[in-house]
Amino acid sequence: MAAFGTVFMPQMTLATFEDSNWSAPELVSSDTIQLHPGAHVLHYASTCFEGLKAFRHEDGSINLFRMDRNIKRMQQSSKLLSLPDFDASLLQKMITDVVKHFADEVPKPPGSMYIRPTHIGTEAAIGKAASPTSSSLLYVLLSPVGDYFSGGDKTLRLLLEENGSRCAAHMGMVKSGGNYASALQPILQARASVNADQVLFCPNGDVQETGAANFLLIDGNEIITKALDSSFLHGVTRDSILTIARDMGMTVSERELSVEELLERAAKPNTEAALSGTAAVLAPVGTLIHNGKECSVGDGTAGETTLKLRKALNDIQWGKAEDKHGWLTQA
Ligand SMILES: *Cc1c(COP(=O)(O)O)cnc(C)c1O
């Protein structure tokens with residue numbers, strides 16, 4: 001099986017913003033785009049993206065999961081990066097058109113079609129370090145993906161990082177390329193030094209998130225996770241899991257969580273921890289590494305509640321459970 005995100009559908013939908021107007025979206029080849037070497041995005045990182053999925057149900061229908069949330073977040077990212085704004089209806093049409101075009105290629109569960117809307121500043125103007133781009137490109141790529149957990153439920157090892165940050169504090173809620181480049185060195189160092197899978201960024205002891213996923217602590221019937229603020233990415237999966245947990249009668253505590261409290265709770269026998277994001281839904285965390293010491297979360301294996309919550313969300317996405325919150329849109 002090819003690595004996640006390396007296979008693309010041969011076409012994508014694309015719209016351009018020029019002379020204060022958006023063009024009508026078109027279906028074009030996804031092999032190449034043409035950019036001036038002085039394009040704003042290449043020098044000043046005016047770029048943002050989204051990640052969502054379409055699922056094939058047993059009746060053959062193709063269903064997009066919480067597309068409205070991803071569109072809103074992309075509008076917000078574009079605004080915070082001073083990229084041209086666009087109507088939600090434009091991106092909704094671009095997503096729906098391309099998914100419909102490749103409906104036959106949407107894999108069956110546990111696979112899905114991963115959808116990657118991207119927005120970049122294209123003005124050729126290297127003098128615009130402190131000015132927004134006047135033109136941009138919006139496109140929607142498709143990448144069919146398989147079972148994220150085909151290798152089994154191996155638990156993740158996270159290094160707790162209290163000194164560094166994932167990105168600049170005011171950029172946390174923007175899904176923008178520069179943030180991932182900014183987190184890469186700490187992640188590579190954590191891999192090389194302690195064989196960690198990910199870094200859990202905890203600036204000044206405040207447990208935030210990893211490079212590309214939100215962090216949830218599950219202690220018995222309670223889920224604890226950082227309350228929304230501008231310092232981290234507001235995951236759609238995070239919101240969905242918290243909603244499902246409330247539906248199941250769990251207590252959801254959105255609040256500050258310190259490294260100290262995290263380590264204290266993790267040491268108890270039935271505590272669980274997980275990372276949430278569109279690609280994996282919920283990935284179990286088995287080990288926290290802090291100041292050279294390794295602490296198992298609970299017994300270090302994939303938690304029962306983690307797996308139950310993941311299944312509940314998968315069941316909705318795959319059309320096996322009632323979609324009572326209206327999260328699915330038929331393409
Ligand atoms: C995309 C992303 C997430 C997860 O968001 P979802 O909407 O659940 O996919 C979390 N953190 C970061 C930094 C991300 O880029």
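Predicted model only: the values in this text are computed from it and were never measured. (Residues numbered from 1 in each chain as written. Predicted model: local features only at pLDDT ≥ 70, side-chain atom pairs only at ≥ 80, totals over all residues. Heavy atoms only, no water.)

A. Looking closely at the side chain of Glu161. Considering the arrangement of structural elements, one finds Glu161 in strand β9 (residues 156-161). Of the buried charged residues, Glu161 lacks a salt bridge, with Arg166 as the closest side chain of opposite charge at 13 Å. (Helix = DSSP H or I, 4+ residues; strand = E, 2+ residues; numbered from the N terminus. Buried < 20%, exposed > 50% of the residue type's maximum accessible area, 1.4 Å probe, protein only. Lys, Arg positive; Asp, Glu negative; His and termini not counted. Salt bridge = Lys/Arg side-chain N within 4 Å of Asp/Glu carboxyl O.)

B. Looking closely at the site of the ligand. In the neighbourhood of the ligand, 15 residues make up the surrounding shell, with Lys175, Tyr180, Glu209, Thr237 and Thr278 lying closest. One of the side-chain nitrogen or oxygen atoms of Arg73 is found 2.8 Å away from an oxygen atom of the ligand. The pocket occupied by the ligand, as judged from atoms lying within 2 Å of grid points, is the largest pocket. Class assignment of the residues belonging to the shell around the ligand gives a composition of five nonpolar, six polar and four charged. (Near = heavy atom within 4 Å. Polar contact = N/O pair within 3.5 Å; in protein donor to acceptor, adjacent residues only side chain to side chain. 1 Å grid on protein atoms, 1.4 Å probe; cavity = no way out; pocket = protein on both sides within 12 Å on 5 of 7 lines; lining within 4 Å. Sits in = over half its atoms within 2 Å of the grid points. Nonpolar A, V, L, I, M, F, W, Y, C, P; charged D, E, K, R; others polar.)

C. Fine view of the environment of Arg73. As for its placement among the helices and strands, Arg73 is situated in helix α2 (residues 67-80). Residues Arg73 and Val174, spaced 101 residues apart in sequence, show a C-alpha to C-alpha distance of 8.1 Å. Among the polar contacts listed, one links the side chain of Arg73 to the side chain of Glu50, at a separation of 2.7 Å.

D. Fine view of the state of the cysteines. Considering all chains together, one arrives at zero disulfides under this definition. Free cysteine: Cys48, not disulfide-bonded; nearest cysteine sulfur from Cys167 at 14 Å. Judged by relative accessible area, Cys48 falls into the buried class, the value being 0%. Cys295 provides the cysteine sulfur closest to Cys202, a residue in no disulfide bond, and the two sulfurs are 12 Å apart. We classify Cys202 as buried; its relative accessible area is 0%. (Disulfide = S-S within 2.5 Å.)

E. Quick look at the domain arrangement of the chain. According to the domain assignment, the chain contains domain 1 (11-145) and domain 2 (156-317). Listed per partner, the contact involves 20 residues of domain 1 and 18 residues of domain 2. Summed over both partners, the interface of domain 1 with domain 2 comes to about 1600 Å²; 59% of that surface belongs to carbon and sulfur atoms. When the area that domain 1 buries against domain 2 is broken down by residue, the three leading residues are Phe49, Phe65 and Arg73, summing to 34%. Of the charged contacts in the structure, one is a salt bridge between Asp239 and Arg69, with a shortest N-O distance of 3.6 Å. Counting every contact that joins domain 1 to domain 2 gives 10 residue pairs in polar contact (both at pLDDT 80 or more). Listed by contribution, the elements that provide at least two residues to the side of domain 1 that touches domain 2 are β4 (47-49), β5 (52-56) and α2. It is α2 that contributes the most residues to the side of domain 1 that touches domain 2, six residues altogether. Within the side of domain 1 that touches domain 2, the residues separate by chemical class into nine nonpolar, six polar and five charged. (Domains from an automatic or database assignment. Contact = heavy atoms within 4.5 Å. Buried area = accessible area lost by both parts, 1.4 Å probe.)

F. A look at the nonpolar core. Ranked by size, the top nonpolar core spans 29 residues in total, and within it Leu91, Ile95, Val99, Ile115 and Leu142 carry the most contacts. At the level of secondary structure, the elements contributing two or more residues to this core comprise β5, β6 (62-65), α2, α3 (88-101), β7 (112-121) and β8 (136-145). In terms of residue count, the dominant contributor to this core is α3 (six residues). Each of domain 1 (11-145) and domain 2 (156-317) accounts for three or more of the residues forming this core. Beyond its immediate stretch of four places on either side in the chain, Val99 contacts Ala54, Ile62, Leu64, Ile115, Leu142 and Ala331. Core analysis: the second largest hydrophobic core is formed by 23 residues, Phe149, Leu200, Ile224 and Ala266 among them. (Core = buried A, V, L, I, M, F, W, Y, C linked by side-chain atoms within 4.5 Å.)

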